[in-house]
Amino acid sequence: MRLALPLAIALTTSLPVWAEMPAPQGHVLLTLGGAVTKTNLPARGENDGGLLGYLEVQHDGAAGFDAALLDGLEQVEITITYGPEGNQRDIAFSGPLLSDVMTMAGAAGKTAKPMALDGYQSEIQWESVTAHQPIVATHADGAPMGIGGYGPTMIVFPPTDDAELAQKQAGQQVWALAYIGVE
């Protein structure tokens, strides 16, 4: 019995930080890095390559979400008029609330900095996340969003009649979203 307790302590203290959140089983569609406390992906350095390397993203560990993790959260549908100028139409986007995704990663109360595949980045304060309830859309009109369209994920805000707020949110409604820096 004397050996069992030190062994149990050694095993629990030697687990990697990224073991705190369920591991993604499929391709990671969205990564949250920075000030997250629950992670399932190891740290990234400056020469790690891949898409996040191209975007010059580094972190000490991150929360990676595959389709199953995102679909496992409560789903919300928001229909907005969207698309290129002159070719807009109503699209029903669905996915989990951004606040739920951030909470699952241990980032509640923090600022989200969503980044698109091309490097475009915006900033959304936690107060806006909770007050306006944007979603991390994974589906458009019931179909998964793929790369080359609006996917793999997209920040979508509910429609508003406040023109000034709508203009601000238009810049925060990042499509082709793959990474959210958290501060």
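First things first, this report covers the structure right here in the doc. (Residues numbered from 1 in each chain as written. Predicted model: local features only at pLDDT ≥ 70, side-chain atom pairs only at ≥ 80, totals over all residues. Heavy atoms only, no water.)

Details of the sheet that holds strand β3 (residues 75-82)
Just so we agree on the cut-off: Strands were regarded as paired on the criterion that DSSP finds at least two bridges between them. Secondary structure elements are taken from DSSP: a helix is a run of H or I of four residues or more, a strand is a run of E of two residues or more, and numbering for both begins at the N terminus.
Here four strands make up an open sheet; going across it, the order is β3-β4-β7-β8 and the pairing antiparallel. On the outer flanks of this sheet lie β3 and β8 (143-144), each paired with one strand and no other.

Quick notes on the pairing of strand β1 (residues 28-34)
When β1 meets strand β2 (residues 62-66), the two strands line up antiparallel, connected through five bridges. Considered in β2, the bridge of Val-28 is made with Asp-66. Where β1 lies against strand β10 (residues 177-182), four bridges are found, and the strand directions are parallel. If you follow Leu-32 over to β10, its bridge partner there is Ile-180.

Quick word on the side chain of Thr-153
Keep this limit in mind: Burial classes follow relative accessibility: with a 1.4 Å probe on protein chains only, a residue under 20% of its type's maximum area counts as buried, one over 50% as exposed, and anything between as partly exposed. Two N or O atoms count as a polar contact when they lie within 3.5 Å, although within protein this holds only if one can serve as hydrogen donor and the other as acceptor, and sequence-adjacent residues are included solely when both atoms are side-chain atoms. Contact definition: two residues touch when any of their heavy atoms are within 4.5 Å.
Along the polypeptide, Thr-153 turns up in the loop between β8 and β9 (154-156). Note on Thr-153: relative accessible area 0%, which makes it buried. A polar side-chain atom of Thr-153 sits 2.8 Å from the main-chain carbonyl oxygen of Leu-177. Setting aside anything within four residues of it in sequence, one finds Thr-153 in contact with Leu-29, Leu-30, Leu-70, Val-136, Ala-137, Thr-138, Met-145, Val-174, Trp-175, Ala-176 and Leu-177.

Re the sheet that holds β2
In plain terms, the rule: Here an angle of 0 to 180 degrees is reported between the N-to-C directions of two axes, which are lines fitted to C-alpha atoms, with helices fitted over the stretch in contact.
Strand order in this open sheet of four strands is β2-β1-β10-β5, and the pairing throughout is mixed. The two strands at the open ends of the sheet, each matched to only one other strand, are β2 and β5 (112-116). Shown here is a sheet whose adjacent strand axes are inclined to one another by a mean of 20°, direction ignored.

A few points about unusual backbone geometry
With omega at 20°, the peptide bond leading from Gly-151 into Pro-152 counts as cis. Positive phi values are uncommon outside glycine, yet Asp-141 reaches one of about 50°. Inspection of the secondary structure puts Asp-141 in the loop between β7 (139-140) and β8. At Ala-176, a residue that is not glycine, the phi angle is positive and equals roughly 55°. For Ala-176, the location among the structural elements is in the loop between α6 (163-172) and β10. Look at Ala-176 and you get buried, because its relative accessible area is 10%.

A few points about the environment of Gly-151
With respect to the secondary-structure elements, Gly-151 resides in the loop between β8 and β9. By relative accessible area, which is 0% here, Gly-151 ends up buried. Spatially, the C-alpha atom of Gly-151 lies 6.4 Å from that of Trp-175, the residues being 24 residues apart in sequence. Here Gly-151 is in contact with Leu-117, Met-145, Gly-146 and Ala-176, once residues within four sequence places are set aside.

With respect to the layout of surface pockets
Gaps between atoms show up when a probe of the same size as a water molecule is rolled over them. Quick note on the threshold: Throughout, the protein atoms alone are placed on a 1 Å grid, and a set of points is a cavity if a 1.4 Å probe fits but cannot get out or a pocket if it is open with protein on both sides within 12 Å along at least five of seven lines; lining residues have an atom within 4 Å of a point. Grid points are joined across faces, edges and corners, and a volume is the space filled by probe spheres set on the points. Asp, Glu, Lys and Arg are counted as charged, while Ala, Val, Leu, Ile, Met, Phe, Trp, Tyr, Cys and Pro are counted as nonpolar; the rest, among them Gly, fall into the polar class.
Each pocket or cavity is described by its volume, and for the largest pocket that value is around 260 Å³. As for the largest pocket, its lining consists of 14 residues, and the residues nearest its centre are Ile-80, Tyr-82, Ala-166, Ala-170 and Gln-173. Of the residues assigned to the lining of the largest pocket, the class counts are eight nonpolar, six polar and no charged.

Digging into α6
Rules: What the arc describes is the spread of directions from the helix axis to the C-beta atoms.
Looking at α6, one finds that the buried residues are Leu-165, Gln-169 and Gln-172. The buried residues of α6 all sit within an arc of 45° when viewed along its axis, so they share a single face. Facing away from the buried side of α6 by more than 90 degrees, the exposed set consists of Ala-163, Glu-164, Gln-167 and Ala-170. Looking at the buried side of α6, the elements it contacts are β5, α5 (126-132) and β9.

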